[in-house]
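Reading the structure
What follows is the residue order along each chain.
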Amino acid sequence: MTDQPGGHPPTSSSVVPRSWIVSSMAAAIMVGLVLLGVGMTTASPERARTYWMWLVPVFGVVCVVTAYMRTRHHPGGAQF
């Protein structure tokens, strides 16, 4: 029995799709940046305000790159 269309046996790369790995790495980076921001807010509230303001576009870029990577690995996904 096969789990994939076309009768091909599952491979190690099909067990955990690459898009999930990319998404998990992006989420881990974002969590790390948030934890850094919490520590910075505790230590230096003045500097933390600037950090949080810069973090918004950084999160936006991380999300766009992650979405692009997911569509690149899914045929029939959105084309750029």
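Structural data are supplied above this passage.
The following paragraphs examine the structure supplied in this document. Source: prediction; values computed, not measured.

Quick word on the overall build of the chain
Scanning the chain from N- to C-terminus turns up 3 helices and 0 strands. A total of 80 residues make up the chain; the buried ones form 18% of that total. Restricting the contact set of the chain to residue pairs at least 6 apart, pairs at least 24 apart contribute 43%. Here the chain has roughly 6300 Å² of accessible surface; of this, 71% comes from carbon and sulfur atoms.

Things to note about the packing of aromatic side chains
Aromatic rings considered in pairs are described by the distance between their centres and by the relative angle of their planes. The full count for this structure, using the stated rule, is 1 aromatic pair. Relative to Trp52, the ring of Tyr51 lies with its centre 5.8 Å away and its plane at 75°, an arrangement referred to as edge-to-face. Judged by relative accessible area, Tyr51 falls into the buried class, the value being 16%. Overall, the relative accessible area of 30% leaves Trp52 in the partly exposed class.

As for helix α3 (residues 45–72)
The end-to-end C-alpha separation of α3 is 40 Å, in line with the 40 Å expected for 28 residues at 1.5 Å each. For α3, the full list of buried residues reads Ala48, Tyr51, Leu55, Val62, Thr66, Met69 and Thr71.

Points about the environment of Met30
As for its position among the elements, Met30 is in helix α2 (residues 18–43). Met30 sits in the buried class, given a relative accessible area of 19%. Filtering out sequence-adjacent residues up to four positions away, Met30 remains in contact with Phe59, Val62 and Cys63.

What to know about the side chain of Thr66
With respect to the element layout, Thr66 can be found in helix α3. Relative accessible area serves as the criterion here: at 12%, Thr66 is assigned to the buried category.

Here we look at the environment of Leu33
For Leu33, the position within the fold is in helix α2. Exposure remark for Leu33: the relative accessible area of 23% places this residue in the partly exposed category. Leu33 sits 22 residues away from Leu55 along the chain, and the two C-alpha atoms are 8.0 Å apart. Among all residues touching Leu33, those that are not within four sequence positions of it are Tyr51, Leu55, Val58 and Phe59.

Procedures and definitions
- Residues numbered from 1 in each chain as written.
- Predicted model: local features only at pLDDT ≥ 70, side-chain atom pairs only at ≥ 80, totals over all residues.
- Heavy atoms only, no water.
- Helix = DSSP H or I, 4+ residues; strand = E, 2+ residues; numbered from the N terminus.
- Buried < 20%, exposed > 50% of the residue type's maximum accessible area, 1.4 Å probe, protein only.
- Contact = heavy atoms within 4.5 Å.
- Areas by Shrake-Rupley, 256 points an atom, 1.4 Å probe, with all protein chains shown as cover.
- Phe/Tyr/Trp six-rings, centres within 6.5 Å; stacked < 30°, edge-to-face > 60°.
- Expected span 1.5 Å × (residues − 1).

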